Amino acid sequence: MNPLTLSPIKSAGKDHCGSYNQRKLFLVDLRMHVQGGEDLHQEELSPRISCPRGSVAYESFCYALFLSPKSWLDADMACQDRFEGYLVSVRDASEAYFVASVIRNTKTKHENIWIGLHNSMEDYEPNGGIWMWVNNDLMVYQAWEKNIPGYPLWTHGYCGTLSATSNYEQWRDYDCKQNLPYFCRFKA
């Protein structure tokens, strides 16, 4: 088998190394190299998802921050108005960073933002106990905020938020009846 080489496409004396056609040709060349020259008859690039105005695509979902405050339950119901929508479940560190970046880019001054985390047993163990995602995603990643200075005991609750004190990267339990902005994840 010959080693794979990729030469840039030239047009009118200009190099288009990052162009769509360049990537498409690279993928075709790569597939032919790997498959011994067989044509796979598949789309070379996966289509981009198209999210509604005001939302942002990440992986195969659309994400949106809503600044109009609602209770946790009302916020989740509002998210469910969208196709396969729920309050966001943060599944790993890279998604956590993405969500936090979206929130920070709005320059919001809100201290807490609802996410899809809740303690269904309402057991009196703040930042612990039986917590789960509202859409039943597995909780394999956890980012509880610890040692929160000036965090009064009466604000503990059974619903999860992203907190400004952690730059919106860590979770805090909060009273579900409080009205807060919320973050949705849904299918395009």
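Coordinates for the structure precede this section.
What comes next concerns the included structure. The numbering scheme is per chain: residues are counted from 1 as the chain's sequence reads. Per-residue local features are limited, in this predicted model, to residues with pLDDT of at least 70; the limit for side-chain atom pairs, both in listing and counting, is 80 or more; totals at the level of whole chains, interfaces and linings are taken over all residues. Computation of side-chain values covers all heavy atoms of the structure but excludes hydrogens and water.

**With respect to the side chain of D76**
Now for step 1: Secondary structure counts use DSSP, requiring at least four H or I residues in a row for a helix and at least two E residues in a row for a strand, with both numbered from the N terminus. In this fold, D76 is placed in helix α2 (residues 72–80).
Now for step 2: Exposed residues in this analysis have more than 50% of their type's maximum accessible area, buried residues have under 20%, and partly exposed residues fall in between, with area computed by a 1.4 Å probe over protein chains only. Note on charges: Lys and Arg go in the positive column, Asp and Glu in the negative column, and His and the chain ends are not counted at all. By definition here, a salt bridge exists when the distance from a side-chain nitrogen of Lys or Arg to a carboxyl oxygen of Asp or Glu is within 4 Å. Despite its burial, D76 remains without a salt bridge, the nearest opposite charge being carried by R185 at 10 Å.
Now for step 3: With sequence-adjacent residues up to four places away left out, D76 is seen in contact with Y86, L87 and V134. We call two residues in contact whenever any of their non-hydrogen atoms come within 4.5 Å of each other.

**A short note on the state of the cysteines**
Now for step 1: Here, a disulfide means two cysteine sulfur atoms that sit within 2.5 Å of each other. Evaluation of the coordinates by the stated rule reveals three disulfides.
Now for step 2: Here C51 is linked by a disulfide to C62, with a sulfur-sulfur distance of 2.0 Å. Because the torsion about its S-S bond is -90 degrees, the bridge between C51 and C62 counts as left-handed. Here C62 lies in strand β4 (residues 61–70) and C51 lies in the loop between α1 (20–34) and β3 (56–58), a separation of eleven residues in the sequence.

**What about unusual backbone geometry?**
Now for step 1: Here the phi dihedral of E59 falls at roughly 50 degrees; this positive angle occurs in a residue that is not glycine.
Now for step 2: By secondary structure assignment, the location of E59 is in the loop between β3 and β4.
Now for step 3: Backbone geometry places N167, a non-glycine residue, at a positive phi of 65 degrees.

**Examining helix α3 (residues 93–105)**
Now for step 1: One fewer than the residue count of a helix, multiplied by 1.5 Å, yields its expected span. Between its first and last C-alpha, α3 extends 18 Å over 13 residues, near the 18 Å set by a 1.5 Å rise per residue.
Now for step 2: Buried within α3 are the following residues: E95, A96, F98, V99, A100, S101, V102 and I103.
Now for step 3: Looking at the packing, one finds that the buried side of α3 touches β3, β4, β6 (112–119), β8 (159–163) and β10 (180–186).
Now for step 4: Residue K107 follows α3 closely and has a positive phi angle near 60 degrees.

**Things to note about the packing of aromatic side chains**
Now for step 1: Two rings from Phe, Tyr or Trp (for Trp, the six-membered ring) form a pair when their centres sit within 6.5 Å of each other. Planes less than 30 degrees apart are called stacked, planes more than 60 degrees apart edge-to-face, and all others tilted. Tallied over the full model, the rule gives ten aromatic pairs.
Now for step 2: Seen in terms of ring centroids, F66 and Y182 are 5.1 Å apart; in terms of plane orientation they differ by 15 degrees. Their pairing is stacked. Highlighted residues: F66 in strand β4 and Y182 in strand β10, separated in sequence by 116 residues.
Now for step 3: Taking 6.0 Å as the distance between ring centres and 80 degrees as the angle between the ring planes, the aromatic pair formed by Y141 and W171 counts as edge-to-face. Note that Y141 is positioned in the loop between β7 (131–133) and β8 and W171 in strand β9 (residues 171–174), a separation of 30 residues in sequence.

That's the geometry; what it means functionally is another story.
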